[in-house]
Amino acid sequence: MALNKSMHARNRYRDKPPDFAYLASRYPAFRQHVQTSLSGRASLNFKDPEAVRALTCTLLKEDFGLTIDIPLERLIPTVPLRLNYIHWVEDLIGHQDGDKQALRRGIDIGMYHMLGIRQLSVCLVLQFKS
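Presented here is a report on the structure given in the accompanying data block. (Residues numbered from 1 in each chain as written. Predicted model: local features only at pLDDT ≥ 70, side-chain atom pairs only at ≥ 80, totals over all residues. Heavy atoms only, no water.)

Section: the overall build of the chain
Okay, so step 1: On a plain count of helices and strands, the chain comes out with five helices and two strands.
Okay, so step 2: Reading the secondary structure of the chain in the N-to-C direction produces α-α-β-β-α-α-α.
Okay, so step 3: Across the 130 residues that make up the chain, the buried fraction comes to 36%.
Okay, so step 4: Excluding contacts between residues fewer than 6 apart, the proportion of contacts in the chain whose partners are at least 24 apart in sequence is 46%.
Okay, so step 5: Summed over all atoms, the accessible surface of the chain reaches about 8,300 Å², with 54% contributed by carbon and sulfur. (Helix = DSSP H or I, 4+ residues; strand = E, 2+ residues; numbered from the N terminus. Buried < 20%, exposed > 50% of the residue type's maximum accessible area, 1.4 Å probe, protein only. Contact = heavy atoms within 4.5 Å. Areas by Shrake-Rupley, 256 points an atom, 1.4 Å probe, with all protein chains shown as cover.)

This is the structure we're talking about:
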């Protein structure tokens, strides 16, 4: 997972990447995709779409209280990068510094609206299905 200092400053994963060992201990569906090295380091095969899907669903549940099912034939988003997008939108609409009660409108395609609702407590949502 590409987690680095170029992530948004408010992104919860910027300085604290997901703890695969902890998540595997709590989520059996995720556990089956985690490999542990001889040194005890937990890792994930990011080339395996099922593993990436399990990680995405696990992070959404653990960190945002969202339970979703993503079909394998769909694009499997990475939560840290999607959260970057939410924070950039937050910056653009002035949600962080402005009146949080003011009406703001946006169009969303995909899973961004779920993170937007959980992270910003606002609804960015018009969702289109392809």
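On we go from here.
Notes on helix 4 (residues 79-93)
Okay, so step 1: Across its 15 residues, helix 4 extends 21 Å between first and last C-alpha, which sits within 8% of the 21 Å expected from 1.5 Å per residue.
Okay, so step 2: Of the residues making up helix 4, those classed as buried are Val79, Pro80, Arg82, Leu83, Asn84, Ile86, His87, Val89 and Glu90.
Okay, so step 3: Count one or two residues on from helix 4 and you reach glycine 94, which has phi positive near 70 degrees. (Expected span 1.5 Å × (residues − 1).)

Side note on the side chain of histidine 8
Okay, so step 1: Considering the arrangement of structural elements, one finds histidine 8 in the segment before helix 1 (20-26).
Okay, so step 2: Of the polar contacts made by the side chain of histidine 8, one reaches the side chain of aspartate 91; its length is 2.6 Å. (Polar contact = N/O pair within 3.5 Å; in protein donor to acceptor, adjacent residues only side chain to side chain.)

Concerning the packing of aromatic side chains
Okay, so step 1: A full pass over the atoms with the stated rule returns two aromatic pairs.
Okay, so step 2: Joined through ring pairs, the aromatic side chains of Phe20, Phe30 and Phe46 make up one cluster. (Phe/Tyr/Trp six-rings, centres within 6.5 Å; stacked < 30°, edge-to-face > 60°.)

Regarding the pattern of salt bridges
Okay, so step 1: In total, this model carries two salt bridges according to the counting rule given.
Okay, so step 2: Notably, a salt bridge pairs aspartate 91 with arginine 10, separated by 2.6 Å at the nearest N-O pair. Highlighted residues: aspartate 91 in helix 4 and arginine 10 in the segment before helix 1, separated in sequence by 81 residues.
Okay, so step 3: Notably, a salt bridge pairs arginine 26 with glutamate 62, separated by 3.5 Å at the nearest N-O pair. In this pair, arginine 26 is assigned in helix 1 and glutamate 62 in helix 3 (residues 49-64), connecting sequence segments 36 residues apart.
Okay, so step 4: According to the relative accessible area criterion, arginine 26 is partly exposed, its value standing at 45%.
Okay, so step 5: Residue classification places glutamate 62 among the partly exposed residues on the basis of a relative accessible area of 23%. (Salt bridge = Lys/Arg side-chain N within 4 Å of Asp/Glu carboxyl O.)

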